[in-house]
Amino acid sequence: MKKYHCMKARSAVKTDHMVKPTVLLLAVFGLISSFTTQAVDQRLFDLPDQTRPFITRAPINTNNSGGKVTHRSMSLGNTLDIPDLGAAPSLLEQEQERKVGEMVLREVGKQMPLYEDAWTQDEINKIFSGIYSTASIGAPLGLVIIQDNAINAFAVPGGLFALNTGLILSARNIDEIAGVMGHEVAHVSQRHYSRSKDAFKHQAWLTLGGMLASILLASQSSDAAGAVALGTQAAMIDRQLAYSRNQEREADRVGMQLMYAAGYNPLAMADFFEVMNRRTGSISYMPDFWLTHPLSSERMSEARLRAAQYPQQRAELNLPQEQTLRLMQYRIEILTDQMTEARLLTAAQRDPVAVLALAMWYTKQGQYELARKMTSQAKTRLGNLSIVAITEATIELKANQPQMALDILLPKHRVAPENRALAIETAKAYIALNQGQAALEILQPFSQSNPRDVLVWQSMESAANRLASSELKTLQVLRFRAENLFWRGEVDTAIKSLIRAGNLAKNNYSMQVRIESRLKDMQAARQFRP
């Protein structure tokens, strides 16, 4: 079974404060009943890599420093060399996996600090969606970014992907992030969780709970986290060791194909393995990664040799993507209080992206005139990008000038209404102007296309609070609050909020039916045990 990756190992020391989150998460995941999965021939793992043909397609431009692939097309007649698992999972199995993924999503929202910068979420999601689509396994549940400096990422059944801000900060190019995503998506596409669960019965899902507990505890005590991870793994390491290593090799191989098919440099996966390996001298949580998924020199060599088999030409630097990564990194460090003015001033002398980041830093310090000056300079050097408009509008909102913010954002939003980050910022401007209905009209399409989007539900609750006083206003606030709470793991409180909304909808039949249907879904989710 795939474990959550962490790049460091710390001696496990048991402490009292680990008990509560451990009991909570193991209670969620420790009562898993088995369900049928397709048997897998172990021999598919043992085939030499040389016997597996790689994707055949037109040459691309790559280099080992993460140069972005410049040729994205792929012949429909060509296929990915992904192991055949036999019969596809049944609808019942797919529904079970979706429910498990949603359960994990709620637990992550409840237990872990989330990084909720809409623009960064969207940029990371573009990479994830591109890779996930190449796996042809349906629509993903979603992506979350956890505010944690440890290099870590994990994927769970149903298509939920999570990564730490530390992974983004450690990446040297977009392709390295794509490599991690490719590896994790491969674990989902190859159904490693379900196959491990079938092979090891209850133990695999018990470990899933333990890993979530250890991620949570890492922010409090890396030693305690290590103790939890080791405790949940002790009973199964001997039996699962070889199996999980084979899954890791399969995820490396299939993940490399997925990232290549999505247009990313496969050598970047091998590069990032080496980044992770260099970090192992420092100590962190989840030592089980090193016990059951050792990042050995052999595995790194295999990855580099495998990547070298892909067609290569001279690389062409994809400047916009490199700038996007640097800006994501700057924004993370600013919003999590890890950046200094001195660092940004030095970087801004050679990097126009740092100029825009400096505007954001000054905004956070309340120095709005300096922030406006920096955005003006950045616009000259970067052009009329949406993130420049978002930064400009953020300055005006913080400076209590919401109409100016709306004047900046609205033309951009009208041109690109599908841009989620622009829509959320435009809604914020309307909310600040007490125009709640206008904000809701912008946000509702996003709540319909992704009903698990916490940031959108949170914004919709704020917008509903700006509606004119009425029974309908209260009803809408309660509905949107319920969704916000539900996906943040506060299921009982969400249900109570929705019941109150239902009581107010007794004279509105269509709304009452909608609320009752959603209430049944939430109550079923509360009772669900995989």
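Reading guide: rules and limits
Residues numbered from 1 in each chain as written. Predicted model: local features only at pLDDT ≥ 70, side-chain atom pairs only at ≥ 80, totals over all residues. Heavy atoms only, no water. Helix = DSSP H or I, 4+ residues; strand = E, 2+ residues; numbered from the N terminus. Contact = heavy atoms within 4.5 Å. Areas by Shrake-Rupley, 256 points an atom, 1.4 Å probe, with all protein chains shown as cover. Buried < 20%, exposed > 50% of the residue type's maximum accessible area, 1.4 Å probe, protein only. Pairing = 2+ DSSP bridges. 1 Å grid on protein atoms, 1.4 Å probe; cavity = no way out; pocket = protein on both sides within 12 Å on 5 of 7 lines; lining within 4 Å. Points joined across faces, edges and corners; volume = space filled by probe spheres on them. Axes fitted to C-alpha atoms, helices over the stretch in contact; angles between N-to-C directions. Parallel < 35°, antiparallel > 145°, perpendicular 65-115°, else oblique. Left-handed = near helix turned anticlockwise from the far one by under 90°. Nonpolar A, V, L, I, M, F, W, Y, C, P; charged D, E, K, R; others polar. Salt bridge = Lys/Arg side-chain N within 4 Å of Asp/Glu carboxyl O. Polar contact = N/O pair within 3.5 Å; in protein donor to acceptor, adjacent residues only side chain to side chain. Phe/Tyr/Trp six-rings, centres within 6.5 Å; stacked < 30°, edge-to-face > 60°. Lys NZ or Arg CZ within 6 Å of the ring centre and 35° of its normal. Core = buried A, V, L, I, M, F, W, Y, C linked by side-chain atoms within 4.5 Å. Expected span 1.5 Å × (residues − 1).

Draft legend 1. Focus on the overall build of the protein. Of the regular secondary structure elements, the protein holds 25 helices and four strands. Taking the intrachain contacts of the protein between residues at least 6 apart in sequence as the baseline, contacts between residues at least 24 apart amount to 73%. Carbon and sulfur atoms make up 51% of the accessible area of the protein, which totals about 22100 Å².

Draft legend 2. Quick peek at the pairing of strand 3 (residues 152-156). Burial within strand 3 is extensive, with five of its five residues counted as buried. Where burial is concerned, the two faces of strand 3 agree: the one with Asn152, Phe154 and Val156 and the one with Ala153 and Ala155 are both buried. When strand 3 meets strand 4 (residues 160-164), the two strands line up antiparallel, connected through four bridges. By the bridge assignment, Val156 is partnered in strand 4 with Leu160. Counting the residues between successive antiparallel strands, the hairpin from strand 3 to strand 4 contains three residues, one of them, Gly158, with a positive phi of roughly 90 degrees.

Draft legend 3. Layout of the layout of surface pockets. Its volume calculated, the largest pocket comes out at about 1100 Å³. Lining the largest pocket we find 42 residues, and of these Gln121, Asp122, Glu123, Asn125 and Arg420 sit closest to its centre.

Draft legend 4. How the structure looks around the packing of helix 21 (residues 436-449) against helix 22 (residues 454-464). Two numbers describe how helix 21 lies on helix 22: the axes approach to 9 Å, and their chain directions differ by 160 degrees. Of the possible angle classes, the one that applies to helix 21 and helix 22 is roughly antiparallel. Crossing of helix 21 against helix 22: the hand is left-handed. In this structure, helix 21 contributes Gly436, Ala439, Leu440, Leu443, Gln444, Phe446 and Ser447 to the contact, and helix 22 contributes Val456, Trp457, Ser459, Met460, Ala463 and Ala464. In terms of residue class, the contact of helix 21 with helix 22 is made up of nine nonpolar, four polar and no charged.

Draft legend 5. Highlighting the environment of Phe528. Mapping Phe528 onto the fold places it in the segment after helix 25 (509-527). Here Phe528 falls in the buried class, since its relative accessible area comes to 10%. On a C-alpha basis, the gap between Phe528 and Lys99 in space is 7.9 Å, while along the polypeptide they are 429 residues apart. Setting aside chain neighbours within four positions, we find Phe528 in contact with Gln96, Lys99, Val100 and Met103.

Draft legend 6. Quick peek at the pattern of salt bridges. Under the definition given, this model contains 22 salt bridges. Between Arg326 and Asp351 there is a salt bridge, with its nearest N and O atoms 2.8 Å apart. Within this pair, whereas Arg326 is found in helix 14 (residues 319-335), its partner Asp351 is found in the loop between helix 15 (341-348) and helix 16 (352-364), the two being separated by 25 residues in sequence. Residues joined by salt bridges that share partners form a network here, namely Glu95, Arg98, Glu102 and Arg452.

Draft legend 7. Quick look at unusual backbone geometry. Located in the positive-phi region is Asn400, a residue other than glycine, with phi close to 65 degrees. In this structure, Asn400 sits in the loop between helix 18 (386-398) and helix 19 (402-415).

Draft legend 8. View of the environment of His183. For His183, the location among the structural elements is in helix 6 (residues 174-189). Judged by relative accessible area, which is 3%, His183 ranks as buried. Of the polar contacts made by the side chain of His183, one reaches the side chain of His187; its length is 3.1 Å. For His183, the side chain forms a polar contact with the side chain of Asp252, separated by 2.7 Å.

Draft legend 9. Highlighting the packing of aromatic side chains. Throughout the structure, instances matching the rule amount to six aromatic pairs. A centroid spacing of 4.9 Å and a plane angle of 80 degrees characterise the contact between Phe486 and Trp487, whose relative ring orientation is edge-to-face. Of the two residues examined, Phe486 and Trp487, each falls in the buried class. The ring of Phe486 is capped by Arg518, whose NZ or CZ atom sits 5.0 Å from the centre of that ring.

Draft legend 10. Summary view of the nonpolar core. Membership of the largest hydrophobic core comes to 134 residues, with the highest contact counts inside it found for Ile124, Ile127, Ile131, Leu163, Ile168, Ile177 and Met181. Those residues in contact with Ile177 that sit more than four places away from it in its chain are Ile124, Ile127, Leu163, Leu167, Ile168, Ala171 and Leu325.

Draft legend 11. Focus on helix 11 (residues 267-278). A rise of 1.5 Å per residue sets the reference length of helix 11, with its twelve residues, at 16 Å; its end C-alpha atoms lie 17 Å apart and thus fit the reference within 8%. The buried fraction of helix 11 amounts to nine of the twelve residues, a majority that puts the element mostly inside the structure. Inspection of helix 11 places Leu267, Ala268, Met269, Ala270, Asp271, Phe272, Phe273, Val275 and Met276 among the buried residues, and these make up the whole buried set.

Draft legend 12. Inspection of helix 25 at higher detail. Taking 1.5 Å of rise per residue, 19 residues should cover 27 Å, and helix 25 covers 27 Å from first to last C-alpha, within 8% of that figure. Looking at the buried residues of helix 25, the elements they touch are helix 3 (91-111), helix 23 (471-487) and helix 24 (491-504).

Draft legend 13. Representation of the pairing of strand 2 (residues 142-146) within the structure. The element strand 2 is extensively covered by neighbouring structure, given that five of its five residues are classed as buried. Pairing between strand 2 and strand 4: five bridges, direction parallel. Across the sheet, the residue bridging to Val144 is Ala162, located in strand 4.

Draft legend 14. Examining the environment of Ala178 more closely. Topologically, Ala178 is positioned in helix 6. The class of Ala178 is buried, set by a relative accessible area of 0%. The spatial distance from the C-alpha of Ala178 to the C-alpha of Pro266 is 8.9 Å, given a sequence separation of 88 residues.

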